[in-house]
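Residue-level listing of the chains:
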Amino acid sequence: MADPQELAVREKKELVGKEEKTVPGRYYMPYTDIHETDDALTVVMEMPGVEKKDVIIALENDVLRVDGQIDFKKYEGMEPVYTEYNVGHYTRSFTLSNKIEQERIEAQLEDGVLTLTLPKTKEAQPRRISIG
Amino acid sequence: MALFPDPFDTASTLQQALDTFRASRWLAPGPSGGGTYPPMNVFRKGDDFIIIAEVPGIKKSDLDVQVKGNTIRLAGTKSVNYTEKASLHRRERLAGRFDRAVTLPIEIDPDGVKAESRDGTLALFLPRAERDKPKSIQVA
């Protein structure tokens, strides 16, 4: 990597969904990186403040949906005096183009970053054909 | 005064309160200056103050927290690494270095400051210095 850049602050994007939520609280869009290798698709999401037990990952009809809930109980008894960011749940969904082996999906949460490894099915992997 | 009397709407009450205090000049830009990352929220709990910063993807070893007098400095680097072979479809996460210093409008006890990093957030517990605490005076 080149000379490291100075990090800039970005305003969180509030999610405007098609469906409305019945529970109170705002939802934000986690910053996401997606990259692909020959055998897997990797989705990396930033969800600061979300604990392992509060992450829900669902894959249905080729739609991957990730929900990260914030535990607001931690903020009880605390009175804000100065704020630069808002705190809210995270949610985002993606339509997957490749065939994924659902049983082998792996998820890891470390330092507020969720890494999902979605292995491609054998049929979806590129195959090299040698000329005989 | 309890800010969150009903646990059921803690979420929306807190979020509204956070928006309200956005305009507060509590941490006005001072001569200590520096960067603006990471974003911080400041809370009061009793006599003491708590700063919570969002630092997703930054390892504890890459975070440097310094306290000098009433100034707190947060510096470090954030790296985003992927294998060379991977083809990137979407790239929204940013990497880079940061160095931010803030000066608090209260006196803190520098020896009592505690830092805790968990799930991509950094919490700094700042106990107010004894001599800075308000004292009640008996009316004779």
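All values derive from a computational prediction rather than experimental measurement. (Residues numbered from 1 in each chain as written. Chains lettered and ligands numbered in written order. Predicted model: local features only at pLDDT ≥ 70, side-chain atom pairs only at ≥ 80, totals over all residues.)

**Considerations on the overall build of chain A**
A tally of regular secondary structure across chain A gives zero helices and nine strands. Starting at the N terminus, the α and β elements of chain A follow one another as β-β-β-β-β-β-β-β-β. In terms of overall dimensions, chain A is more spread out than a globule: its C-alpha atoms have a radius of gyration of 18 Å, far above the 14 Å expected for 132 residues. C-alpha atoms of chain A, sized along the principal axes, occupy 75 × 45 × 25 Å. The burial tally for chain A puts 30% of its 132 residues in the buried class. Intrachain contacts of chain A at a sequence separation of at least 6 include 56% that bridge at least 24 residues. (Helix = DSSP H or I, 4+ residues; strand = E, 2+ residues; numbered from the N terminus. Rg over C-alpha atoms; globule rule 2.2 N^0.38 Å. Buried ≥ 20, exposed ≤ 12 C-beta atoms within 10 Å, placed from the backbone. Contact = placed C-beta atoms within 7 Å.)

**Examining the overall build of chain B**
When you go through chain B residue by residue, the secondary structure sums to one helix and eight strands. Beginning at the N terminus, the succession of helices and strands in chain B can be written as α-β-β-β-β-β-β-β-β. Counting every position in chain B, which comprises 140 residues, the buried fraction comes to 25%.

**Quick word on unusual backbone geometry**
For the bond from Y37 of chain B to P38 of chain B, the omega torsion is 0°, close enough to zero to count as cis. Residue placement: P38 of chain B occurs in the loop between α1 (10-20) and β1 (40-45). Unusually for a residue other than glycine, D111 of chain A sits at a positive phi of about 50°. Within the secondary structure layout, D111 of chain A lies in the loop between β8 (106-110) and β9 (113-119).

**Quick notes on the sheet that holds β1 of chain B**
Pairing is antiparallel across the open sheet formed by five strands, whose spatial order is β6(A)-β1(B)-β2(B)-β8(B)-β7(B). Only two strands of the sheet have a single neighbouring strand rather than two, namely β6 (79-83) of chain A together with β7 (114-118) of chain B. Adjacent strand axes in the sheet meet at a mean angle of 20°, parallel and antiparallel pairs treated alike. Two elements, strand β2 (residues 48-54) of chain B and strand β8 (residues 121-126) of chain B, share six bridges in a ladder whose sense is antiparallel. Counted as the bridge partner of A53 of chain B is L122 of chain B from β8 of chain B. (Pairing = 2+ DSSP bridges. Axes fitted to C-alpha atoms, helices over the stretch in contact; angles between N-to-C directions.)

**Focus on the sheet that holds strand β2 (residues 32-36) of chain A**
Reading across the sheet, the five strands line up as β8(A)-β9(A)-β3(A)-β2(A)-β5(B) and stay open at both edges, with antiparallel pairing between neighbours. Unpaired on one side and paired on the other, β8 of chain A together with β5 (87-91) of chain B mark the two borders of the sheet. On average, each strand axis in the sheet is tilted by 15° relative to the strand beside it, whichever way the strands run. Pairing of β8 of chain A with β9 of chain A involves five bridges; the strand directions are antiparallel. By the bridge assignment for β9 of chain A, E106 of chain A is matched with T117 of chain A.

**Some details on the interface of chain B and chain A**
A common way to report how large an interface is uses the accessible area buried once the components associate. Taken together, the 54 residues of chain B in the interface contact 42 residues of chain A. Contributing elements (two or more residues each) for the side of chain B that touches chain A: α1, β1, β2, β4 (71-78), β5 and β6 (96-103) of chain B. Counting residues per element, the side of chain B that touches chain A draws most heavily on α1 of chain B, at eight residues.

**Focus: the pairing of β2 of chain B**
Residues and elements named next belong to chain B. When you tally the buried positions in β2, you get five out of seven residues, the bulk of the element. When β1 meets β2, the two strands line up antiparallel, connected through six bridges. From the neighbouring strand, R44 faces β2, where its bridge partner is F49. In this antiparallel pair of consecutive strands, β1 and β2, the connection spans two residues, and G46 shows a positive phi of 65°.

**Looking at the nonpolar core**
V43, M45 and L114 of chain A together with L14, V42, I51 and A53 of chain B are the most contacted members of the largest nonpolar core, which has 43 residues in total. Counting only elements with at least two residues in this core, the list comes to β3 (40-46) and β9 of chain A together with α1, β1, β2, β4 and β8 of chain B. (Core = buried A, V, L, I, M, F, W, Y, C linked by C-beta atoms within 7 Å.)

**Topic: α1 of chain B**
Restricting attention to buried positions, one finds in α1 of chain B the residues T10, A11, L14 and L18 of chain B. Here the buried residues of α1 of chain B occupy an arc of 95° about the axis, which is enough to place them on one side. Considering only its buried residues, α1 of chain B is in contact with β6 of chain A together with β1 of chain B. (Arc of directions from axis to C-beta.)

**Some thoughts on the environment of L104 of chain B**
Residue and element names in this part refer to chain B. As for its position among the elements, L104 is in the loop between β6 and β7. The class for L104 is buried, based on 20 C-beta atoms found within 10 Å. The sequence separation of L104 and L27 amounts to 77 residues, and the corresponding C-alpha distance is 6.4 Å.

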